[in-house]
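Listed below, chain by chain, are the residues.
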There are 2 protein chains.
Amino acid sequence: MTNFSSRRQAVLEVMKTMRCHPSADRVYEEVRKTIPSISLATVYRNLAFLEKAGIVGRVVGCDNKERYDVELDNHCHVICTECGEVEDMDYPEDLKRYLDGYCDKNGFCKFGLSFYKICDECKRKSELGKLQNEISKN
Amino acid sequence: MTNFSSRRQAVLEVMKTMRCHPSADRVYEEVRKTIPSISLATVYRNLAFLEKAGIVGRVVGCDNKERYDVELDNHCHVICTECGEVEDMDYPEDLKRYLDGYCDKNGFCKFGLSFYKICDECKRKSELGKLQNEISKN
DNA sequence: TCAAAAATAAAAATAATTATCATTTTTGTT
DNA sequence: AACAAAAATGATAATTATTTTTATTTTTGA
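Model, not experiment: these values are computed from the prediction. (Residues numbered from 1 in each chain as written. Chains lettered and ligands numbered in written order. Predicted model: local features only at pLDDT ≥ 70, side-chain atom pairs only at ≥ 80, totals over all residues. Heavy atoms only, no water.)

**Topic: the overall build of chain A**
Argument step 1. Within chain A, the secondary structure is distributed over five helices and five strands.
Argument step 2. Relative to its length of 138 residues, chain A is extended, with a C-alpha radius of gyration of 19 Å against a globular reference of 14 Å.
Argument step 3. The principal-axis extents of the C-alpha atoms in chain A amount to approximately 65 × 45 × 20 Å.
Argument step 4. Of all 138 residues assigned to chain A, the portion counted as buried reaches 39%.
Argument step 5. Nonlocal contacts in chain A, meaning residues at least 24 apart in sequence, comprise 43% of its contacts between residues at least 6 apart.
Argument step 6. By element, 50% of the accessible surface of chain A is carried by carbon and sulfur atoms, the whole surface being about 8400 Å². (Helix = DSSP H or I, 4+ residues; strand = E, 2+ residues; numbered from the N terminus. Rg over C-alpha atoms; globule rule 2.2 N^0.38 Å. Buried < 20%, exposed > 50% of the residue type's maximum accessible area, 1.4 Å probe, protein only. Contact = heavy atoms within 4.5 Å. Areas by Shrake-Rupley, 256 points an atom, 1.4 Å probe, with all protein chains shown as cover.)

Below is the structure:
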C-alpha cells in the first residue's frame, strides 16, 4: 500500500514534478512552497526512505551534492562539468540491450552511463565572463 | 616541464603507487608515511592541481567522498554500493569504440561507465552481521 | 643576491549530510 | 472512542568532507 505521510507524499510529488535532478536543498526549497513548515531533515529522511523503497534513485553529478531522480528506467545522464547539473538522455536501444546483458552475465546489480559536457547555461556564463574581462582591460 | 614541488611530487607518487581509487584522506594518510609534516589542505590543493593539469581524474564512488584516479585511459569502474570502493575494469573493446564514436559525434567531452555490486569485503561483513544476529537471538 | 611568485601548515570557515531528542501524528487494538 | 506503541517530525546539534584564510617558508628567475 502506498500510504505515505503527507510530507513524504509531498516530497515524492515534487520529485515527480521537477523535470531535473534536484539536490536535497532544491527539493526542500520546492516542497516549502506548499508546506512551509517542513524541515530540511524531513526532506533528507524522506529522500532516503524513498531511495530504500526503490522509488527514487541517487545520481552523482559533478558538484559535491547528492542528486535524486525518479525516473529509474532506461536512461543515461548528461552531466555538466561546470555546475554538475544532470539531464536525462535515452539510451540508444541496442546499447541498452548490450549493457543489460553484460550486467546480468557478470553479476552486477545495475550500471550507470554518463556523458559529460559544459551545459549551455555555463557556456553562456563563461562567454560573458571573458567579454567582461576584455572590457575591463581596455 | 614536470618540475613539481616535493610534496606535489609525493602526492602524485602515492596516486601512482596505490592501485585503488583513494579519497583525499586516504592519500593524506599514505603521504604522511614519508612526509609526516604534510598537511591535509596541501593534499587537497595538490590533487586539485593535478586534476586541472589533467594528470589525475575524479571518480565518484557511492559514499559522499571524491575519489581520485591516475589511470585516465580506457577503463570503466566497478563500484560497491555499500562502501563506495571503486575498482577498475577494462572496457570490452567493441564497447569502448562504440562509446568513443558516440561521444565524438554528439559533442561530449568524455563519458563514464560504472557497474555496481556489493564488493566481497562488504558481503563478508554483512554475512558476519547476520550470523551474530542469529547468535544473540538464541 | 634578492624581490616576486608559488607553495605550505595550521587553523578557521563553509557546506552537505546525519544524528539526537523532545514533541506530535498515525496506527492498530481493545 | 480510548489508548498504548510505533512512526514521523521540527529544531538543532554534531559530523564529515572540503575550501579558504593567513602568516610563514620555499622556490624561481632576473
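Moving on, there is more to tell.
**Considering the relation of the copies chain A and chain B**
Two chain copies, one operation linking them: a rotation about an axis together with a shift along it.
Argument step 1. For the pair chain A and chain B, the superposition axis carries a translation of 0.0 Å, the fit reaches an RMSD of 0.1 Å, and the rotation angle comes to 180 degrees. In symmetry terms, the pair is related by a two-fold rotation axis. Residues of chain A ranked by C-alpha distance from the rotation axis are headed by L113(A), positioned 2.3 Å from it.
Argument step 2. A share of 100% of the interface residues of chain A reappears at the interface of chain B, consistent with the copies meeting face to face through the same patch. (Least-squares fit on C-alpha atoms with pLDDT ≥ 70 in both.)

**Side note on the protein's contact with DNA strand C**
Argument step 1. Around DNA strand C there are 18 residues in total, and Y44(A), K65(A), S5(B), R7(B) and T42(B) lie nearest to it.
Argument step 2. Within 4 Å of the protein, the atoms of DNA strand C are drawn from sugar and phosphate moieties in a proportion of 73%.
Argument step 3. The separation between a phosphate oxygen of DNA strand C and a polar main-chain atom of S37(B) is 3.1 Å.
Argument step 4. Here a base nitrogen of DNA strand C and a side-chain polar atom of R45(B) are 3.2 Å apart.
Argument step 5. Counting only elements with at least two residues in the surface near DNA strand C, the list comes to α3 (40–52) of chain A together with α1 (6–17) and α3 (40–52) of chain B. (Near = heavy atom within 4 Å. Polar contact = N/O pair within 3.5 Å; in protein donor to acceptor, adjacent residues only side chain to side chain.)

**Structural notes on the sheet that holds strand β5 (residues 110–117) of chain A**
Argument step 1. An order of β4(A)-β3(A)-β5(A)-β5(B)-β3(B)-β4(B) is seen for the six strands of this open sheet, with the pairing classed as mixed. For this open sheet the edge positions go to β4 (86–90) of chain A together with β4 (86–90) of chain B, each flanked by a neighbour on one side alone. The sheet shows a mean angle of 30 degrees between the axes of neighbouring strands, taken without regard to direction.
Argument step 2. Note that strand β3 (residues 75–80) of chain A and β4(A) share five bridges and pair antiparallel. Bridge pairing in β4(A) links H77(A) to D88(A).
Argument step 3. Contacts from helix α4 (residues 93–106) of chain A reach β5 of chain A together with β4 and β5 (110–117) of chain B, with the element oriented near 135 degrees to β5(A).
Argument step 4. Strands β4 and β5 of chain A together with β5 of chain B of the sheet are contacted by helix α4 (residues 93–106) of chain B, whose axis makes an angle of about 135 degrees with β5(B). (Pairing = 2+ DSSP bridges. Axes fitted to C-alpha atoms, helices over the stretch in contact; angles between N-to-C directions.)

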